[in-house]
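Working through the structure, step by step
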Amino acid sequence: MNPSVGIATVTLHPAIDHSVLIRGFASGRLNRVLSEQCDPGGKGVNVASFLADLRLRVTATGLLGRENAGVFEQLFAERGITDAFVRIPGKTRVNIKILDETAAEGTEINFPGPAASADCLAALTRAFDALLPDHDCFILSGSVPAGVPAAFCPDLIRRLKVAGKRVLLDSSGDALRHGIAAGPWAIKPNLAELEELVGEPLRDEPTVIRAARARSAQHARCWLPAWAAWWCRWGRKARCSSPLRNACRPPLPRCRCTARSAPVMPWWRALSPAACAAGA
């Protein structure tokens, strides 16, 4: 792995995703499961796995239920991810994902998970302090569990910025809205999250671009990787150069894509040692 830059992902509300495959799922009736699979999840955990696959040095931290932490510990050991999660009493939540083979659609049932106590948050703050000396970038991802004050994420972002760290925020709802006010280095909203931020529907490409530019000018770089891919894949032209790359700062790379391939914003390149040194 590349030892020259340390990246820490923060997952305050991880989950174990219990996925079941059903043919012709129908609510209110008996459904038989064809197959099932359990995976450790949560946005930050998924990001850590992705970065580890890119052979970057990554640490995963956050709050993790002590009683069923084994599946996460196995993942971290297999991927070479440093485990800095704070163990809390109880179990990490289990989210149920019902995949309908016939309709090719899914139904999700998300559990609330354990609440975070003041002692747990204090321990997590100490864990962040321990990561500061050898981690340059922090990625805050996912939802926030009960018990976490609204000021926790903004205060954390400011604390990391004072220490000279680069902070990327990928959340939603109040956590995203309050976190933006602290001035993270970048945010990565999807369409629904961007619409919630601007308070209006974004029905076409120009309105999405204006909204992204407004967020970039007011608060932080606004990356829209999923939207660039969506427009190239499902837009009117089967082959295109996505103008959405101009809505982002730093810009999306030039892309030529077909219905089978869509561009993905290589945001991890901005976390490279050269980019950090240049202050991009």
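Because the structure is predicted, anything quoted here is derived from the model rather than measured.

1. Here we look at the nonpolar core
- Counting residues in hydrophobic clusters, the biggest one holds 31 residues, and the most contacted among them are Leu63, Phe138, Leu140 and Phe152.
- When residues of this core are traced back to their parent elements, those giving at least two are strand 1 (2–11), strand 6 (86–88), helix 3 (118–131), strand 9 (137–141), helix 4 (152–162), strand 10 (166–170) and helix 5 (173–181).
- Here this core takes seven residues from helix 3, the largest share from any one element.
- Excluding residues that lie within four positions of it along the chain, Phe138 makes contacts with Ala8, Phe128, Leu131, Leu132, Leu160, Lys165, Arg166, Val167 and Leu168.
- Leu56, Leu64, Ile139 and Ala186 belong to the second-largest nonpolar core, a separate cluster that totals 22 residues.

2. A closer look at the packing of aromatic side chains
- One pass over the full model with this rule turns up one aromatic pair.
- When the ring of Phe76 is compared with that of Phe85, the centres are 5.8 Å apart and the planes differ by 10 degrees; the resulting orientation is stacked. Neither residue differs from the other here; Phe76 and Phe85 are each classed as buried.
- In this structure, Arg166 packs its charged tip against the face of Trp185, placed 4.2 Å from the ring centre.

3. Observations concerning the environment of His13
- Looking at where His13 falls in the secondary structure, it is placed in the loop between strand 1 and strand 2 (15–22).
- Classification of His13 as buried rests on a relative accessible area of 12%.
- Counting along the chain gives 133 residues from His13 to Ala146, while the straight-line C-alpha distance between them is 9.2 Å.
- Apart from residues lying up to four places away in sequence, His13 is in contact with Arg93, Pro112, Gly113, Ser143, Val144 and Pro145.
- A distance of 2.7 Å separates a polar side-chain atom of His13 from the backbone oxygen of Pro112.

4. Side note on the pattern of salt bridges
- The tally for this structure, following the rule as stated, stands at 12 salt bridges.
- The partner of Arg87 in a salt bridge is Asp83, and the shortest N-O contact between them spans 2.6 Å.
- Assessed through its relative accessible area of 24%, Arg87 is described here as partly exposed.
- In this structure, Lys97 engages Glu108 in a salt bridge whose closest nitrogen and oxygen atoms are separated by 3.0 Å. Taken together, the residues span a long stretch of sequence, with Lys97 in strand 7 (residues 94–100) and Glu108 in strand 8 (residues 105–109) at a distance of 11 residues.

5. Things to note about the pairing of strand 9
- Taking burial as the measure, the five residues of strand 9 include five buried ones, the bulk of the element.
- The β-α-β motif built from strand 9, the intervening helix 4 and the parallel element strand 10 has right-handed crossover chirality.

6. Structural notes on the environment of Ala163
- Relative to the helices and strands, Ala163 is located in the loop between helix 4 and strand 10.
- It is 9.5 Å that separates the C-alpha atoms of Ala163 and Asp136, two residues lying 27 residues apart in sequence.

7. Remarks on the sheet that holds strand 2
- If you walk across this open sheet you meet the four strands as 3-2-7-8, and the pairing is mixed. Each edge of the sheet is formed by a strand with only one pairing partner; in this case those strands are strand 3 (33–41) and strand 8. Within this sheet the neighbouring strands show an average axis-to-axis angle of 20 degrees, counted without direction.
- In the sheet, strand 7 pairs with strand 8 via five bridges, with the strands oriented antiparallel. Its bridge partner being in strand 8, Ile96 is matched across the sheet by Ile109.
- Along the sheet, helix 2 (residues 70–79) contacts strand 2 and strand 3; its crossing angle with strand 3, the most-contacted strand, is approximately 70 degrees.

8. Details of helix 4
- Among all positions in helix 4, only Phe152, Cys153, Pro154, Leu156, Ile157 and Leu160 are buried.
- Looking one or two residues past helix 4, Gly164 carries a phi angle of roughly 80 degrees, positive in sign.

9. Structural notes on the pairing of strand 7
- Alignment of strand 2 against strand 7, held across seven bridges, turns out to be parallel. In the strand pairing of strand 7, Val20 is matched with Ile98.
- The turn joining strand 7 and strand 8, which pair antiparallel and follow one another in sequence, is formed by four residues; a positive phi near 55 degrees is taken by Ala104.

10. Examining unusual backbone geometry
- Positive phi, normally seen in glycine, also occurs at Arg55, with a value near 65 degrees.
- Among the secondary structure elements, Arg55 is positioned in the loop between helix 1 (43–53) and strand 4 (56–65).
- Judged by relative accessible area, which is 55%, Arg55 ranks as exposed.
- Here the phi dihedral of Ala104 falls at roughly 55 degrees; this positive angle occurs in a residue that is not glycine.
- Along the chain, Ala104 falls in the loop between strand 7 and strand 8.
- Given a relative accessible area of 70%, Ala104 falls into the exposed group.

About the thresholds
Residues numbered from 1 in each chain as written. Predicted model: local features only at pLDDT ≥ 70, side-chain atom pairs only at ≥ 80, totals over all residues. Heavy atoms only, no water. Core = buried A, V, L, I, M, F, W, Y, C linked by side-chain atoms within 4.5 Å. Buried < 20%, exposed > 50% of the residue type's maximum accessible area, 1.4 Å probe, protein only. Helix = DSSP H or I, 4+ residues; strand = E, 2+ residues; numbered from the N terminus. Contact = heavy atoms within 4.5 Å. Phe/Tyr/Trp six-rings, centres within 6.5 Å; stacked < 30°, edge-to-face > 60°. Lys NZ or Arg CZ within 6 Å of the ring centre and 35° of its normal. Polar contact = N/O pair within 3.5 Å; in protein donor to acceptor, adjacent residues only side chain to side chain. Salt bridge = Lys/Arg side-chain N within 4 Å of Asp/Glu carboxyl O. Right-handed = clockwise from strand over helix to strand, strands pointing away. Pairing = 2+ DSSP bridges. Axes fitted to C-alpha atoms, helices over the stretch in contact; angles between N-to-C directions.

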